[in-house]
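# Summary of the model geometry
In case you want the letters, here they are:
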Amino acid sequence: AQKEFSKNLVKYAEKYGNQLFITTHSIEFADEFLEALYNDEDGTISTQNKENDPIRFFTLKASEDGKVDVYKLTGKEAYERRLNYGLELR
């Protein structure tokens, strides 16, 4: 249900010209959201142009010097890094 919900969120935001701000601590929801948007039916990553990608992921991580680093990724970059490297997104 999360995958279909994610597709509908983006579809209606685009249809009505709205911007969404979604926050979650659920890696499962983040995975389903990314999967719904960037995975073709045959299981391959879609060829969507990264420059035109409307999705942005921001993730925070504690650095070794005790500060907090902020990573800004396009949706496709986040999907590829989760898929290929298990990048922690929360």
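Details of the structure are given in the entry above.
Residues numbered from 1 in each chain as written. Predicted model: local features only at pLDDT ≥ 70, side-chain atom pairs only at ≥ 80, totals over all residues. Heavy atoms only, no water.

## What about helix 1 (residues 2-16)?
- Along its 15 residues, helix 1 runs 21 Å from first to last C-alpha, staying within 8% of the 21 Å computed at 1.5 Å per residue.
- Taken together, the buried positions of helix 1 are Ser6, Val10 and Ala13. Seen end-on, helix 1 carries its buried residues on one side only, within an arc spanning 65 degrees. Along helix 1, the residues that are exposed and aim more than 90 degrees away from the buried face are Lys15 and Tyr16.
- Turning to helix 1, the residues buried within the fold contact helix 2 (27-38).
- Gly17 sits one or two residues past helix 1 and shows a positive phi near 65 degrees. (Helix = DSSP H or I, 4+ residues; strand = E, 2+ residues; numbered from the N terminus. Expected span 1.5 Å × (residues − 1). Buried < 20%, exposed > 50% of the residue type's maximum accessible area, 1.4 Å probe, protein only. Arc of directions from axis to C-beta. Contact = heavy atoms within 4.5 Å.)

## With respect to the pattern of salt bridges
- A full pass over the atoms with the stated rule returns two salt bridges.
- With a closest N to O distance of 4.0 Å, Glu32 and Lys3 form a salt bridge. Residue Glu32 is located in helix 2, and its partner Lys3 is located in helix 1; the two are separated by 29 residues in the primary sequence.
- Accessibility expressed as a relative area gives 32% for Lys3, which makes it partly exposed.
- Close ionic contact of Arg82 with Asp31 constitutes a salt bridge, the shortest N to O distance being 2.8 Å. One end of the pair, Arg82, is in helix 3 (residues 75-85); the other, Asp31, is in helix 2, and 51 residues separate them in sequence.
- We classify Arg82 as buried; its relative accessible area is 19%.
- A relative accessible area of 27% places Asp31 in the partly exposed class. (Salt bridge = Lys/Arg side-chain N within 4 Å of Asp/Glu carboxyl O.)

## Here's the deal with a nonpolar patch on the surface
- Where nonpolar side chains cluster on the molecular surface, the patch consists of Phe58, Leu60, Val68 and Val70 and spans about 430 Å² of accessible area.
- Judged by its relative accessible area of 53%, Val70 is exposed. (Patch = residues over 30% accessible without salt bridge, like charges linked within 9 Å, V, L, I, M, F, W, Y side chains within 5 Å. Areas by Shrake-Rupley, 256 points an atom, 1.4 Å probe, with all protein chains shown as cover.)

## A closer look at the environment of Ser26
- Tracing the backbone shows Ser26 in the loop between helix 1 and helix 2.
- A C-alpha to C-alpha distance of 8.6 Å links Ser26 and Leu89, two positions 63 residues apart in sequence.
- Side-chain polar atoms of Ser26 contact the backbone nitrogen of Phe29, separated by 3.0 Å. (Polar contact = N/O pair within 3.5 Å; in protein donor to acceptor, adjacent residues only side chain to side chain.)

## What about the pairing of strand 2 (residues 68-74)?
- Summarising the sheet, strand 1 (residues 56-62) and strand 2 pair through seven bridges and their orientation is antiparallel. In the sheet register, Phe58 faces strand 2, and the bridge partner there is Lys72. (Pairing = 2+ DSSP bridges.)

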